Amino acid sequence: MGGVVTVTYKSLAWTRTHWQGVRDGYNVPKGAARVSVGDALDKYHKNRLKSPEAGIAAANELLKTLDAYQTALKKAKPKHTGAKEEKYKELDARIARILYINVQQDRKVYNDMIARAKSYSAHHAAASRELQQAAGEFINWKKRAEHEEQEAEEEEGTSGSGERTFTPSNARKAKVAFGVLVDDLQTLEAMGGKITEQHYKALNGAVRQLAGDNWYEGAINSLIRVMTKDLPASL
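Summarised in this report is the structure supplied together with it. None of the values given here were measured: they were computed from a predicted structure. (Residues numbered from 1 in each chain as written. Predicted model: local features only at pLDDT ≥ 70, side-chain atom pairs only at ≥ 80, totals over all residues. Heavy atoms only, no water.)

### Some remarks on the nonpolar core
Applied cut-off: Residues enter a nonpolar core if they are buried and are Ala, Val, Leu, Ile, Met, Phe, Trp, Tyr or Cys, with the set joined through side-chain atoms within 4.5 Å. Note on classification: 1.4 Å probe, protein chains only; a residue is buried when its accessible area is under 20% of the maximum for its type, exposed when over 50%, partly exposed between these limits. Think of it this way: any DSSP run of H or I at least four residues long counts as a helix, any run of E at least two long counts as a strand, and we number them from the N terminus. Note on definitions: a residue-residue contact is assigned when non-hydrogen atoms from the two residues lie within 4.5 Å.
Among the nonpolar cores identified, the biggest contains 63 residues, and Tyr69, Leu91 and Leu203 are the most heavily contacted of them. Elements with a contribution of two residues or more to this core: helix H1 (16-25), helix H2 (37-47), helix H3 (52-75), helix H4 (83-156), helix H5 (171-188), helix H6 (197-208) and helix H7 (217-230). Residue contributions to this core peak at 16 residues, all from H4. If we ignore the near neighbours within four places in the chain, the residues touching Leu203 are Phe178, Leu181, Val182, Leu185, Leu223, Val226, Met227 and Leu231.

In structure tokens, the structure reads:
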């Protein structure tokens, strides 16, 4: 990607400044373990923004540095044992419980971005097929409903037979397909590229209009507009 920043995902990993504050809070002096976690964090936060693939590589490198730091920390001999040595152990434990786990979670997110980017076009196509079927059924349902209302007016002199609701035969499958696509967009908007936060909000908003089993005309039209005009069919 030529060094261009594209990934907007907000990392869970500490910054160099945060790390220094944590380290100092445990009274562990800089250089005690002879491994620079601060330099490694700076490098990580710079490289991870280039692409999901770069994020995975950067996470792997940072995890190796943390392993080395923890090993070196355990070997470091404080000038005074007792309380000071206990601080070293507390810092080691905090790295393992928080920082290490957060970097692993970052790596999981980058892997998820790559997987969802590969499956996006198939998921978009699946949701489009379900929408096409639902929209076709709605058109036929609307025609029948209008015909029945017209007959009721002619036979009884009444105006309509009350509120009607429509539920397509594939309602459950369609909601599942759109749910997958919404999840894709939520992950991919942080990757950069074609998918933006607006794409996610547009589809999520349209899908939420299908609350319950009432697929009303406005909700169906909103989905059609988002799927055909707003969202790219492929990445």
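Now that the structure has been shown, the text picks up again.
### Structural notes on unusual backbone geometry
We note that Asn27 has phi near 60°; this positive angle belongs to a residue other than glycine. On the secondary structure map, Asn27 appears in the loop between H1 and H2. Overall, the relative accessible area of 49% leaves Asn27 in the partly exposed class. You will see that Arg34, though not glycine, has its phi angle at about 60°, which is positive. Within the secondary structure, Arg34 sits in the loop between H1 and H2.

### A short note on the packing of aromatic side chains
Put simply, the rule reads: When the centres of two rings from Phe, Tyr and Trp lie within 6.5 Å, Trp using its six-membered ring, the rings pair. Their planes under 30 degrees apart give stacked, over 60 give edge-to-face, and anything left gives tilted.
Taken as a whole and assessed by the stated rule, the structure comprises 5 aromatic pairs. Considering the side-chain rings of Phe138 and Phe166, the 5.3 Å spacing of their centres and the 70° angle between planes classify their relative orientation as edge-to-face. On the criterion of sequence distance, the pair formed by Phe138 in helix H4 and Phe166 in the loop between H4 and H5 is long-range, its members being 28 residues apart. Residue Phe138 shares its accessibility class with Phe166, and that shared class is buried. Cluster of aromatic residues (ring-pair linked, three or more members): Phe138, Trp141 and Phe166.

### Quick look at the layout of surface pockets
The condition is simple: The distinction between a cavity and a pocket rests on a 1 Å grid over the protein atoms alone: a 1.4 Å probe fits inside a cavity but cannot get out, while a pocket stays open yet meets protein on both sides within 12 Å along at least five of seven lines, and a residue with an atom within 4 Å of a point counts as lining. Grid points are joined across faces, edges and corners, and a volume is the space filled by probe spheres set on the points. Any residue outside Ala, Val, Leu, Ile, Met, Phe, Trp, Tyr, Cys, Pro, Asp, Glu, Lys and Arg is labelled polar, Gly included; the first ten of those are nonpolar and the last four are charged.
There is about 170 Å³ of room inside the largest pocket. The wall of the largest pocket is formed by 16 residues, among which Arg23, Lys30, Val35, Ser36 and Val37 lie closest to the centre. Of all the elements in the fold, those that place two or more residues in the lining of the largest pocket are H1 and H2. Top contributing element to the lining of the largest pocket by residue count: H1, with 4 residues. Taken together, the residues that form the lining of the largest pocket break down as 7 nonpolar, 4 polar and 5 charged.

Fair warning: the whole summary comes from geometry, so function is off the table for now.
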